[in-house]
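Descriptive analysis of the structure
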Amino acid sequence: MAEDLTDFIRQRIRSDLADGLDGVVTRFPPEPNGYLHIGHAKSICLNFGVAEEFGGKTYLRFDDTNPLKESDEFVDAIVRDVEWLGFRWEGPTFASDYFDELYRFAEQLIERDKAYVCDLSAERIRATRGTLTEPGTESPWRGRSAAENLHLFRRMKAGEFADGACVLRAKIDMASPNLNMRDPVLYRIRHATHHRTGDAWCIYPMYDFTHCICDALEGISHSLCTLEFEDHRPLYDWVLDNIAVNYHPPQIEFSRLGLEYTVMSKRLFATLVDGGHVGGWDDPRMSTLAGLRRRGVRPAAVREFCRRIGVTKSENRVELEMLDFCLRKDLQTAPRAMAVLDPLRVVLVNYEGGGEVLAAPWHPQHLERGGRELTFSSTLYIEREDFKETPPRKYRRLTPNGMVRLRYGYIIVCEEVVKNANGDIEELRCRYVPESKSGSDSSNLKPKGVIHWVDAATAVAAEVRLLERLFDSANPTPATFRSALNTNSLRTVQAQVEPAAVASAEPHFQFERTGYFVKDERDHSAAQPVFNRTVSLRDSYNPKAGP
RNA sequence: UGGGGCGUCGCCAAGCGGUAAGGCACCGGGUUUUGAUCCCGGCAUACGCAGGUUCGAAUCCUGCCGCCCCAGCCA
């Protein structure tokens, strides 16, 4: 598999390798505080992708330094999703694995007079940080001796202080134009049970102190992260420059994925889940990996998508069409079946056969994959949409006295439209052309259209979930995403499905002319079939264009 | 009006001083018992703007303009 990706990160790695770097080591470092989404897939494909391409390795490292938000449930979900995408990792490791070492480095910083225990409240720290245009002011505790700081820090660790009583701060520069360098907090007190270390600790290191050290300890050759951490790089470097480590990874930033009609934040997804706006983290409308999977998206499609969007430092908002293209491309090889989503009964007035069976391949371009049998009888269902009393321009389906071919079956001609008292069409009475049987057609008739159908006698009733975008707005923001929710994002219909699709062990199907569908991983059973529409088929029907 | 980034076709994105790749979308046409797939063709005299350097600039320099990120004891 020759890769030809030339993004700036790969260029940088090639250059480092040419300069003597002895191996590529990356890491994917999620906090286990939620499920992964497709934005994470971009990072996963990048980190694991470059390691694979350059013969290196990738750590799956959980950044679990905030016990209030993290849990094993999320660890398990993340492991499952990365595995699903098809990547193999070193570890997994946890930031909490390094709590002892981290603590020792913190003491080292104190001994070197590079960190101090500050008794200011959170509010005072904020107030004295200054603003974007004004420098901050130094904490009154900044001048404490190393010995006193060490003593205090040990008491913090021993649990002698309440949450918020004090913190450990880096001693850098309160006048730095970079707010992150104005004596950032390194450790805070949290009397909370950690999902892995339990109650062993009551002080927890902050991200900026933790991440760079974990990278160094694991020998990460390229620490790839998103753009919002650019301002943190000086701090990343400062920490490693001021402790006794012999290795200092470079942090390289790229832009996160923006996708139309969705949000890209674990926090916002959590809000949707907790607020009951969706069925859970794996709701098929969610752009979480679990949601995409349940919707019927396969890992190859996600990887293809990530390959196509590239890696740069530009802000971006990718159109949904790009994702849909990748889904269809991947599913193009799925077996075909017929399902009528909105059934309209058709009675063949001149059909007297019984037990007739028609042959249909699983895939029209792969006859070697065999096929299935379709029963045929005098009562069928067709798509309500496939009949129009007054056809629009360029309509190629059934009309009064018009003819159409039933896919893999016969040509039929509509002779009568039966309506109920409300004027709604209740059934169509049609004549079939006996000599037009698919494969042995001697009728010489050339109908303009071909439609899908199922035999009412053998069709299986199924719940089909038609999923639309979760938001009406192409760009929902944290401020607007509640009001931007699309209230019609889930439409459930009672469909009639060809029995072979239900009987088959295959989960993914193209229901001809209506899209790609998957058996719902939670709710589907042979007795009560439930399908989700992964993506509709491309539709170039344009009555306004052309002749 | 601090600091850090980014501005190439509707969207994504190549390009790294030698005269604008590719993909998605869109528009034509062909094949087709899925208005699908597949195939062929079209689609930036132009690179945020203005100057400058150069034989030559999207690429270098200067100055503007626009957009994004940063004031958690979150990551």
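Residues numbered from 1 in each chain as written. Chains lettered and ligands numbered in written order. Predicted model: local features only at pLDDT ≥ 70, side-chain atom pairs only at ≥ 80, totals over all residues. Heavy atoms only, no water.

Glancing now at the overall build of chain A. Secondary structure summary: chain A contains 13 helices and 25 strands in total. A compact globule built from 547 residues would reach a C-alpha radius of gyration of about 24 Å, whereas chain A, at 31 Å, exceeds it by more than 25%. Overall, chain A is about 100 × 55 × 45 Å in size when its C-alpha atoms are taken along their principal axes. When the 547 residues of chain A are sorted by exposure, 54% land in the buried category. (Helix = DSSP H or I, 4+ residues; strand = E, 2+ residues; numbered from the N terminus. Rg over C-alpha atoms; globule rule 2.2 N^0.38 Å. Buried < 20%, exposed > 50% of the residue type's maximum accessible area, 1.4 Å probe, protein only.)

Moving on, we come to the domain arrangement of chain A. When cut into domains, chain A gives domain 1 (2–254), domain 2 (257–338 + 456–547) and domain 3 (344–451). Between domain 2 and domain 3, the contact holds 24 residues from the first and 23 residues from the second. Roughly 1,900 Å² is buried in total at the junction of domain 2 and domain 3, and carbon and sulfur atoms are behind 48% of that figure. Along the contact surface separating domain 2 from domain 3 lie three salt bridges. Between domain 2 and domain 3 we count 12 residue pairs in polar contact (both at pLDDT 80 or more) in total. Of the residues belonging to the side of domain 2 that touches domain 3, the class tally is 12 nonpolar, seven polar and five charged. (Domains from an automatic or database assignment. Contact = heavy atoms within 4.5 Å. Buried area = accessible area lost by both parts, 1.4 Å probe. Salt bridge = Lys/Arg side-chain N within 4 Å of Asp/Glu carboxyl O. Polar contact = N/O pair within 3.5 Å; in protein donor to acceptor, adjacent residues only side chain to side chain. Nonpolar A, V, L, I, M, F, W, Y, C, P; charged D, E, K, R; others polar.)

Attention now moves to the pattern of salt bridges. It is possible for side chains bearing opposite charge to pair when their charged atoms get close. In the structure shown here, the tally under the stated rule is 45 salt bridges. One salt bridge in this structure joins Asp16 and Arg12, with 2.9 Å as the shortest N-O distance. On the criterion of helical spacing, the pair formed by Asp16 and Arg12 is a turn pair, its members being four residues apart in helix α1 (residues 8–18). The class of Asp16 is buried, set by a relative accessible area of 17%. It is possible to trace a salt-bridge network through shared partners that takes in Asp282, Arg294, Glu463, Arg465, Asp520, Arg522 and Asp523.

Before going further, it helps to spend a moment on helix α7 (residues 207–217). For an α-helix, the turn length of 3.6 residues means that residues three or four places apart are oriented alike. The buried fraction of α7 is high, at nine of 11 residues. Asp208, Phe209, Thr210, His211, Cys212, Ile213, Cys214, Asp215 and Ala216 are the residues of α7 that are buried. Remark: Gly219 follows α7 within two positions and exhibits a positive phi of approximately 65°.

Let's shift gears to empty space enclosed by the protein. Where empty space is left in the structure can be found by rolling a water-sized probe over the atoms. Summed over all chains, the structure comprises two cavities of 30 Å³ or more. Approximately 80 Å³ is the volume found for the largest cavity. As for the largest cavity, its lining consists of Met338, Glu373, Leu374, Thr375, Trp453, Val454, Asp455, Thr458, Ala459, Glu498 and Pro499. When contributions to the lining of the largest cavity are tallied by element, the ones reaching two or more residues are β14 (371–376) and β20 (453–455). (1 Å grid on protein atoms, 1.4 Å probe; cavity = no way out; pocket = protein on both sides within 12 Å on 5 of 7 lines; lining within 4 Å. Points joined across faces, edges and corners; volume = space filled by probe spheres on them.)

All right, on to the nonpolar core then. Ranked by internal contacts, the top residues of the largest apolar core, which has 39 residues, are Phe153, Leu168, Tyr187, Ile203, Phe209 and Ile213. Every element with two or more residues in this core is listed here: α4 (99–111), β4 (115–118), α6 (146–158), β5 (167–170), β6 (185–189), β7 (203–205), α7 and α8 (233–241). A per-element tally of this core places α4 first, with seven residues. Discounting chain neighbours no more than four positions away, the residues touching Phe153 are Tyr103, Ala106, Glu107, Ile110, Val117, Leu168, Tyr187 and Ile203. By size, the runner-up hydrophobic cluster in this structure holds 37 residues, among which are Cys45, Leu327, Leu331 and Val535. (Core = buried A, V, L, I, M, F, W, Y, C linked by side-chain atoms within 4.5 Å.)

To continue, consider the environment of Gln494. Relative to the helices and strands, Gln494 resides in strand β22 (residues 490–497). Residues Gln494 and Glu463, 31 residues apart in the sequence, show an inter-C-alpha distance of 4.9 Å. In this structure, Gln494 is in contact with Leu341, Pro343, Ala462 and Glu463, ignoring residues within four places of it in sequence.

It is worth spelling out the packing of helix α2 (residues 38–53) against helix α11 (residues 299–309) at this point. Two elements in contact, α2 and α11, have axes whose closest approach is 9 Å; the angle formed by their N-to-C orientations is 75°. As judged from the angle between their axes, α2 and α11 are roughly perpendicular. Taken together, the residues of α11 that come into contact with α2 (itself represented by Ile38, Ala41, Lys42 and Cys45) are Val302, Arg303, Phe305, Cys306 and Ile309. By residue class, the composition of the contact of α2 with α11 is seven nonpolar, no polar and two charged. (Axes fitted to C-alpha atoms, helices over the stretch in contact; angles between N-to-C directions. Parallel < 35°, antiparallel > 145°, perpendicular 65-115°, else oblique.)

All told, the structure shown has 22 aromatic pairs when counted by the stated rule. Considering the side-chain rings of Tyr35 and Trp281, the 5.1 Å spacing of their centres and the 10° angle between planes classify their relative orientation as stacked. Of the two residues, Tyr35 is situated in the loop between β1 (25–28) and α2 and Trp281 in the loop between α9 (266–274) and α10 (289–295); the sequence distance between them amounts to 246 residues. Judged on exposure class, the residue Tyr35 and its partner Trp281 are both buried. Relative to Tyr410, the ring of Phe376 has its centre 5.1 Å away and its plane inclined at 50°; by these criteria the two rings are tilted. With a gap of 34 residues between them, Phe376 in strand β14 and Tyr410 in the loop between β16 (403–406) and β17 (411–419) connect regions that are remote in the sequence. Tyr410 gets classed as buried once you look at its relative accessible area, which sits at 5%. Members of the aromatic cluster, each reached through a chain of ring pairs, are Phe99, Tyr103, Phe153, Tyr187, Trp201, Tyr204 and Phe209. The aromatic ring of Trp201 is capped on one face by Lys157, whose charged end is 5.3 Å from the ring centroid. (Phe/Tyr/Trp six-rings, centres within 6.5 Å; stacked < 30°, edge-to-face > 60°. Lys NZ or Arg CZ within 6 Å of the ring centre and 35° of its normal.)

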